[in-house]
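# Observations on chain architecture
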Amino acid sequence: MNRHGMGTARTRVISITSGKGGVGKTSIVSNLALQLAKEGKRVLILDGDLGMANVDIMFGVRPQYTIHDIIKGEVEINEVLTEVARNVYLIPGGSGVFALQNMSVFEKQTLLDQVSALGTGFDVMLIDTAPGIDDNVLYLNSAAQEICVIVTPEPASIADSYALIKVLNQRCKETRFSIICNEVKDEADGAKLFAKLDGVAQKFLYVSLDHVGSIPSDPVLRQSTRAQQLVCKTNPDAESSRAILKLAHKFRGYEPAHECKGGLQFFWEQLVRLA
Ligand SMILES: Nc1ncnc2c1ncn2[C@@H]1O[C@H](COP(=O)(O)OP(=O)(O)OP(=O)(O)O)[C@@H](O)[C@H]1O
Ligand SMILES: [Mg+2]
């Protein structure tokens, strides 16, 4: 039995986030979801880039409704939930200016009522956040069970990753972060990048960073994105696809040490409480 009294295993809630934009969050969320589904998991994606959502584009779907329609109380969650691949479901994020903290008490309650209808049938929820340290980003990360920061070897990405980790630590009291090194040359390059970020974090903050894995810079991935396709589907043998499969194995295998923040319902309750 979990904390909500339900017999099924809790949904693991992972946010995929970054300090700097364009480092591969949406590509990683979409491809990782596919790989996890191939491993037999039921995956839910929340497109948490609430201003410029584009997970739908990666999957080549054009959803009629978004999370905004749920919050406004205009549609039921089951009409919004879109099956984008076998065992991969998306809550689309929509576009426009939207601040979670501007939700009224009524809207918050509507959101909670609706998402509670989602049930416990998902193994993992991946959240694609906007980049940076806006309130929406902080709330989504803080409500998630596990925060996964994407960093690339660009100096600006390293600096902005550090800034995001610092704000999440100081304002939201987060202490544990998973790190994925993207667009690296090879494993050694990824390890070096992780060591660089970890070095700065250890020097100035009381946080613990965990290197989940690295993804090489891969022209096949870039081309797939341009063609609106998912590299893990069209080119499962590409270097990047294999690296993402390895990540999926890690996420599948490992149970978070901290059991205090788990579950889908818990995520939504935290989110509206924080906002
Ligand atoms: N490992 C990689 N190898 C090659 N190209 C990559 C890799 N990862 C991401 N890209 C490319 O980088 C670009 C940005 O990727 P993506 O949109 O996933 O980033 P993002 O972090 O979601 O951006 P934003 O912050 O704007 O939401 C895309 O063109 C994508 O194809
Ligand atoms: Mg994105």
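Here, the structure is the one placed above.
Described below are features of the structure shown in this document.

Moving on, we come to helix H7 (residues 155–172). Over its 18 residues, H7 runs 25 Å from end to end, which matches the ideal 26 Å to within 8%, given 1.5 Å per residue. Within the sequence span of H7, burial applies to Ser 157, Ile 158, Ser 161, Tyr 162, Leu 164, Ile 165, Val 167, Leu 168 and Asn 169. Remark: Lys 173 follows H7 within two positions and exhibits a positive phi of approximately 60°.

Neighbouring residues of ligand 1: 18 residues in total, closest Lys 25, Thr 26, Ser 27, Asp 218 and Thr 225. Contact distances for ligand 1 include 2.9 Å between an oxygen atom and a backbone N or O atom of Gly 22. Interatomic distance of 2.9 Å between a backbone N/O atom of Pro 216 and a nitrogen atom of ligand 1. Taking 640 Å² as the accessible area of ligand 1 by itself, protein coverage stands at 83%. In a pocket analysis with a 2 Å cut-off to the grid points, ligand 1 is assigned to the largest pocket. Mapped onto the shell around ligand 1, the elements with two or more residues apiece are helix H1 (25–38), strand S7 (176–184), strand S8 (208–216) and helix H9 (219–226). For the shell around ligand 1, the class distribution of residues is five nonpolar, eight polar and five charged.

Core analysis: the largest hydrophobic core is formed by 36 residues, its most contacted members being Phe 59, Leu 126 and Ile 180. Broken down by element, the residue count for this core peaks at seven residues, all from H1. Setting aside anything within four residues of it in sequence, one finds Ile 180 in contact with Ile 28, Cys 148, Val 149, Ile 150, Val 151, Val 212, Gly 213, Ile 215, Leu 247 and Phe 251. Within the second largest apolar cluster, 33 residues are counted, among which are Ile 67, Ile 70, Leu 81 and Trp 268.

Attention now moves to the packing of aromatic side chains. On inspection of all chains with the given rule, the structure shows three aromatic pairs. For the pair Tyr 89 and Phe 122, a centre-to-centre distance of 5.7 Å together with 75° between the ring planes defines the contact as edge-to-face. Taken together, the residues Tyr 89 in strand S4 (residues 88–91) and Phe 122 in the loop between helix H5 (105–116) and strand S5 (124–129) connect sequence positions 33 residues apart. Considered together, Tyr 89 and Phe 122 belong to a single accessibility category, that of buried residues. Ring plane angle 75° and centroid distance 5.0 Å describe the contact between Phe 267 and Trp 268, whose orientation is recorded as edge-to-face.

A separate point is the pattern of salt bridges. For the coordinates displayed, the defined rule picks out seven salt bridges. For the salt bridge of Lys 72 with Asp 69, the shortest nitrogen-to-oxygen distance reads 4.0 Å. When the shortest N-O distance is used, the salt bridge between Glu 183 and Arg 222 registers 2.9 Å. Highlighted residues: Glu 183 in strand S7 and Arg 222 in helix H9, separated in sequence by 39 residues. Among the charged side chains, a salt-bridge network with shared partners connects Asp 69, Lys 72 and Glu 74.

This part is about the side chain of Gln 114. Its location among the elements puts Gln 114 in helix H5. In contact with Gln 114, not counting residues within four places along its chain, are Ile 70, Val 75, Glu 76 and Ile 77.

Moving on, we get to empty space enclosed by the protein. In the structure shown here, the tally under the stated rule is one cavity of 30 Å³ or more. Taken as a whole, the largest cavity spans an internal volume of roughly 50 Å³. If you go around the largest cavity, the residues you meet are Leu 46, Gly 48, Leu 50, Ile 67, Ile 71, Phe 98, Leu 100, Leu 111, Leu 140, Trp 268 and Leu 271. Taken together, the elements giving at least two residues each to the lining of the largest cavity come down to strand S2 (43–48), helix H3 (67–71) and helix H12 (264–274). When its residues are assigned to classes, the lining of the largest cavity shows 10 nonpolar, one polar and no charged.

Basis of the calculations
- Residues numbered from 1 in each chain as written.
- Chains lettered and ligands numbered in written order.
- Predicted model: local features only at pLDDT ≥ 70, side-chain atom pairs only at ≥ 80, totals over all residues.
- Heavy atoms only, no water.
- Helix = DSSP H or I, 4+ residues; strand = E, 2+ residues; numbered from the N terminus.
- Expected span 1.5 Å × (residues − 1).
- Buried < 20%, exposed > 50% of the residue type's maximum accessible area, 1.4 Å probe, protein only.
- Near = heavy atom within 4 Å.
- Polar contact = N/O pair within 3.5 Å; in protein donor to acceptor, adjacent residues only side chain to side chain.
- Areas by Shrake-Rupley, 256 points an atom, 1.4 Å probe, with all protein chains shown as cover.
- 1 Å grid on protein atoms, 1.4 Å probe; cavity = no way out; pocket = protein on both sides within 12 Å on 5 of 7 lines; lining within 4 Å.
- Sits in = over half its atoms within 2 Å of the grid points.
- Nonpolar A, V, L, I, M, F, W, Y, C, P; charged D, E, K, R; others polar.
- Core = buried A, V, L, I, M, F, W, Y, C linked by side-chain atoms within 4.5 Å.
- Contact = heavy atoms within 4.5 Å.
- Phe/Tyr/Trp six-rings, centres within 6.5 Å; stacked < 30°, edge-to-face > 60°.
- Salt bridge = Lys/Arg side-chain N within 4 Å of Asp/Glu carboxyl O.
- Points joined across faces, edges and corners; volume = space filled by probe spheres on them.

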